[in-house]
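Coordinate analysis (summary)
Given next are the chains, with one letter for each unit.
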Amino acid sequence: MKYEELFNELKVHGQEHLLHFYEELPEEEQKKLLENVSRLDLSYAEAFAGKGEEIQRGTIEPLKAMTLAEEEAHAKEYREAGIRALREGRAAAVLLAGGMGTRLGTDGPKGCFDLGITRPVYIFQRLIENLQDSVKEAGAYVHLLIMTGEPNDRATRSFLKEHDFFGYPEEYVHFFVQDTAPAVDENGKILLESKTAPAVSPNGNGGWYSSLKKAGFAEFLKKQGVDYLNTFAVDNVLQRICDPLFLGAVILKDAAVGAKVTAKTGPDEKVGVVCLEDGHPAVVEYTELSEEMRNARDADGRLLYNWGYINNCLFRMEDLERASKGSMPLHFAHKKVPYVDAEGQRVTPSEPNAWKFEYFIFDIFKGMKSCLPFEVVREKEFAPVKNPTGVDSVESARELLKLNGYQL
Ligand code: UTP
């Protein structure tokens, strides 16, 4: 796009400051700046005007999960249906690896983190080994789509290639990059990360399906006969992926989406809960439940809002496609974002100075006809690596891996 054309478009949105340094840049850099700015999705900055209007929740009600006892009672039937579907190539796995992993605080993609003590045990390796368990059980490979973020895309691809995809056949591994959203200051002005580039970051894990589609994979998967997608987070090193039991249960229960859940440790565990909102499936945050709701129990003494969401979902593609036509709420996060000020000086803030925009994957539940929360044993399937130490950390994940018989 030409300078004038872009300048005029930016002016309409009050973002023409992005070209502030244009005149002083060498020609090559000018080109880069125009290219970077014209790729921006300005609708995010427009949406900033709506910040402060809290996302209104509807009427929240509990949603029953399929419990471990029910799963056990029907294990043969579910497992067989799941294995059949895997053999028929009806399921694919989608790894959500576009996050920044800021809490872990290491350089590079989170999946490259080595959890090993006496030998290397990379997070990506653990996840691929988990997927291989299902592949072995079914006797058929499933496509593995890996969503990266712009900042970690190259490092992720080269790491996996260097490690020979941890034994997974390369023709079944596909990458796509998730969309980005700009960061804005307190006045809604998009920040410049350098004189030639606006500050952008991945648009949240809810951006996965539109990014997958944009990369042409929705069509590809349909052609392959895939009709279920198992999305999973990069950081849970114990999760089952394309788990035949889960897949079979979702298929036989005719659910539009399945979500693996763990029973809460108590009313005050700070975890999102799978429930209903205005009659539609939803995940509500801990803070969105009143104290009374958090403590409410059923006749058996179980918490009514008991099912903690662990970010391992099975989406039926036709329902996903329909639901993705609707709009999703945009979430705002106040963060520290380094930027270049009007004098061209690089500023590294010590306090949050900017707003980032994110979509959350579970917000799509509201557009789904039905949801099957599927209980799993926490100690066997939930070991998230969010922090270096403490809760949901490298330390706690290592302990859980050892408990499950993994050598580190
Ligand atoms: P988290 O919410 O834990 O975010 O992501 P994060 O970026 O990994 O870590 P912090 O908050 O900066 O410490 C949950 C899952 O969603 C993915 C992550 O990679 C992880 O698998 N995710 C998150 C994306 O794929 N894209 C995003 O934009 C954000």
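This section reports on the structure supplied with the text. Throughout this document, residue positions are counted from 1 along each chain, in the order its sequence is written. For a predicted model such as this one, the threshold for reporting local features is a pLDDT of at least 70, and the threshold for listing and counting side-chain atom pairs is 80 or more; totals across whole chains, interfaces and linings nevertheless cover every residue. Only hydrogens and water are set aside; all other atoms, that is, all heavy atoms of the structure, feed into the side-chain values.

A look at the overall build of the protein
Note on conventions: DSSP H or I runs of at least 4 residues are helices, E runs of at least 2 residues are strands, and numbering of each starts at the N terminus. The secondary structure content of the protein amounts to 14 helices and 18 strands. Radius of gyration means the value over C-alpha atoms here, while the globule rule gives 2.2 Å times the residue count to the 0.38 power. Whereas a compact globule of 408 residues would reach a radius of gyration of roughly 22 Å, the protein reaches 22 Å, a difference of no more than 12%. C-alpha atoms of the protein, sized along the principal axes, occupy 70 × 50 × 45 Å. The classification of residues rests on relative accessible area computed with a 1.4 Å probe and restricted to protein chains. Under 20% of the type maximum is buried, over 50% is exposed, and intermediate values are partly exposed. Here the protein holds 408 residues, and 53% of them are scored as buried. Only heavy atoms matter for contacts: two residues are in contact if any of them lie within 4.5 Å across the pair. A separation threshold of at least 6 residues defines the contact pool for the protein, and within that pool the share at least 24 residues apart is 76%. Using a 1.4 Å probe, the Shrake-Rupley method yields the accessible areas, and only the shown protein chains count as cover for residues. In the form shown here, the protein has an accessible surface area of approximately 19200 Å², with 49% of it arising from carbon and sulfur atoms. By the counting scheme adopted, Arg and Lys are positive, Glu and Asp are negative, and His together with the chain ends is not counted. For charged residues, the charge sits on one atom: NZ in Lys, CZ in Arg, CG in Asp, CD in Glu. Of the charged side chains in the protein, 49 are positive and 65 negative; the average position of the first set lies 4 Å away from that of the second.

What about the environment of asparagine 295?
Assignment of secondary structure puts asparagine 295 in helix α11 (residues 291–295). In this view, asparagine 295 contacts Pro267 and Leu303; residues no more than four positions away in its chain are not counted. Pairs of N or O atoms are called polar contacts if they sit within 3.5 Å, as long as, within protein, a hydrogen donor faces a hydrogen acceptor (for residues adjacent in sequence, only side-chain-to-side-chain pairs). For asparagine 295, the side chain forms a polar contact with the main-chain oxygen of glutamate 291, separated by 2.8 Å.

Observations concerning the nonpolar core
With 59 residues, the main nonpolar core has Leu95, Phe124, Leu131, Leu144, Leu160 and Tyr168 as its most contacted residues. No other element matches the seven residues that helix α6 (residues 123–138) contributes to this core. With 38 residues, the next largest nonpolar core counts Leu96, Phe176, Leu229 and Val274 among its residues. Within this scheme, the nonpolar core is defined by two criteria: the residues are buried Ala, Val, Leu, Ile, Met, Phe, Trp, Tyr or Cys, and they are joined through side-chain atoms within 4.5 Å.

Concerning unusual backbone geometry
We note that cysteine 242 has phi near 50°; this positive angle belongs to a residue other than glycine. The exposure class assigned to cysteine 242 is buried, which follows from its relative accessible area of 3%. For aspartate 254, which is not a glycine, the phi torsion comes out positive at approximately 55°. Tracing the backbone through its elements, the reader meets aspartate 254 in the loop between α10 (244–252) and β10 (257–263).

Examining helix α9 (residues 217–224)
Listed in full, the buried residues belonging to α9 are Phe217, Ala218 and Leu221. Each buried residue of α9 sits inside an arc of 105° when the element is viewed along its axis, so together they form one side. In this structure, the buried side of α9 is in contact with β2 (91–97), β3 (144–148), β4 (173–177), α8 (208–214), β9 (228–233) and α12 (317–323). Just beyond α9, the residue with positive phi is glycine 225, at close to 90°. Directions are taken from the helix axis to each C-beta atom, and the arc is the one they span.

A few points about the packing of aromatic side chains
Geometrically, a pair of aromatic rings is defined through the distance of the ring centres and the angle of the planes. Aromatic rings from Phe, Tyr and Trp, taking only the six-membered ring of Trp, are treated as a pair when their centres fall within 6.5 Å; an angle between ring planes under 30 degrees marks them as stacked, one over 60 as edge-to-face, and anything in between as tilted. Inspection of the entire model under this criterion finds 22 aromatic pairs. Where tyrosine 141 meets tyrosine 172, the ring centres are 5.5 Å apart and the plane angle is 35°; that geometry is what we call tilted. Remark: tyrosine 172 occurs in the loop between α7 (153–162) and β4 and tyrosine 141 occurs in the loop between α6 and β3; sequence separation between them is 31 residues. With a centroid separation of 5.5 Å and 65° between ring planes, the pair formed by phenylalanine 332 and phenylalanine 357 is classed as edge-to-face.

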